[in-house]
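# What the coordinates show
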Amino acid sequence: MRTPGTEAEAVEIQQRLRHRVELSGTDVSAARTAVGLDVDYTGDRIVAAAVVLEVATLEVVQTSVAEGETIFPYIPGLFAFREVPTLLAALDGLDEAPDVLVCDGQGLAHPRRFGLACHLGVITGLPAIGVAKTPLGRYEMPGPERGARAPLLHDDGGEVGAALRTRDGVKPVFVSVGHRTDLDSACALTLLLTPKYRVPETTRLADQLCRQSP
DNA sequence: GCGACAG
DNA sequence: ATCTTGTCGC
């Protein structure tokens, strides 16, 4: 997918691709491997990192880094166009495809139900979930214990994700389906990836890796 | 029209 | 995302 020249063109691309999202098919909590994806900005450069973990042990299987130029501006709702090209390059550097993509941003929890995790899932054909640190829409507050969850809501009232508590008494993360899985599986996987910190190990390690790769 | 708005 | 110290708690 080339970088859109205008905001309107970007929206058209999302409208066209959104129908390819599959909302079931894989229990990602049974995945053997999961890849964490994140980027870091430095001036007009962008560094993307992919870290593959074995879900059962949380041990690193492989890492990959790619660098590119920041072309598309940051626009909430179109944020994926800024990061997708370099993230795909990082994924290309992996020897074998991971079982699921764990993205740092929204999946269906997006104004057009097509956030970053949907972009990456549909383009790669791999199961994908979005785990964001802040939500785009409204949400109900889950109970205070790890594992508690409450609906993340679209403006039209539909449930597009979940506010999921990954640590007792700590602000929840915002989980949504990206591609080829369901919300229950996505939340279950997120809990497997958060034994100690609020944010999934996949995302934490990818964040560390791209942050230290100038 | 205005504000809010993933990273 | 980034600008930014010390502090409280497990």
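Now for a look at the structure at hand. Keep in mind it's a predicted model, so treat the numbers as computed, not measured.

Applying the stated rule across the entire model yields 3 aromatic pairs. Relative to F81, the ring of F72 has its centre 5.5 Å away and its plane inclined at 45°; by these criteria the two rings are tilted. The class for F81 is buried, based on a relative accessible area of 4%. Centroid distance Y74 to F79: 6.2 Å. Interplanar angle 80°. Geometry classified as edge-to-face. On the basis of relative accessible area, Y74 is assigned to the exposed category, the value being 52%. Of note, R82 hangs over the ring of Y41, and the distance from its end group to the ring centre comes to 4.6 Å. Directly above the aromatic system of Y197 lies the positively charged group of R204, at a separation of 3.9 Å from the ring centroid.

So, on to the side chain of D104. Take D104: it is sitting in the loop between strand 4 (100–103) and helix 3 (116–124). A distance of 2.7 Å separates the side chain of D104 from the side chain of K133, its partner in a polar contact. With near-sequence residues (within four places) excluded, D104 lies in contact with L37, D38, F79, L116, V131, K133 and T203.

The subject of this paragraph is the nonpolar core. Core analysis: the biggest nonpolar cluster contains 30 residues, and V100, V102, I129, V175 and L189 have the highest contact counts within it. Those elements that provide at least two residues to this core are helix 1 (7–17), strand 4, helix 3, strand 5 (128–132), strand 8 (159–164), strand 9 (173–179) and helix 4 (183–192). Among the elements that make up this core, the one with the highest residue count is helix 4 (4 residues). Those residues in contact with V102, other than ones at most four positions away along the chain, are A34, V35, G36, L37, I129, V131, L189, L193, T202 and T203.

The rules behind the values
Residues numbered from 1 in each chain as written. Chains lettered and ligands numbered in written order. Predicted model: local features only at pLDDT ≥ 70, side-chain atom pairs only at ≥ 80, totals over all residues. Heavy atoms only, no water. Phe/Tyr/Trp six-rings, centres within 6.5 Å; stacked < 30°, edge-to-face > 60°. Buried < 20%, exposed > 50% of the residue type's maximum accessible area, 1.4 Å probe, protein only. Lys NZ or Arg CZ within 6 Å of the ring centre and 35° of its normal. Helix = DSSP H or I, 4+ residues; strand = E, 2+ residues; numbered from the N terminus. Polar contact = N/O pair within 3.5 Å; in protein donor to acceptor, adjacent residues only side chain to side chain. Contact = heavy atoms within 4.5 Å. Core = buried A, V, L, I, M, F, W, Y, C linked by side-chain atoms within 4.5 Å.

The values are spatial; any link to function lies outside them.
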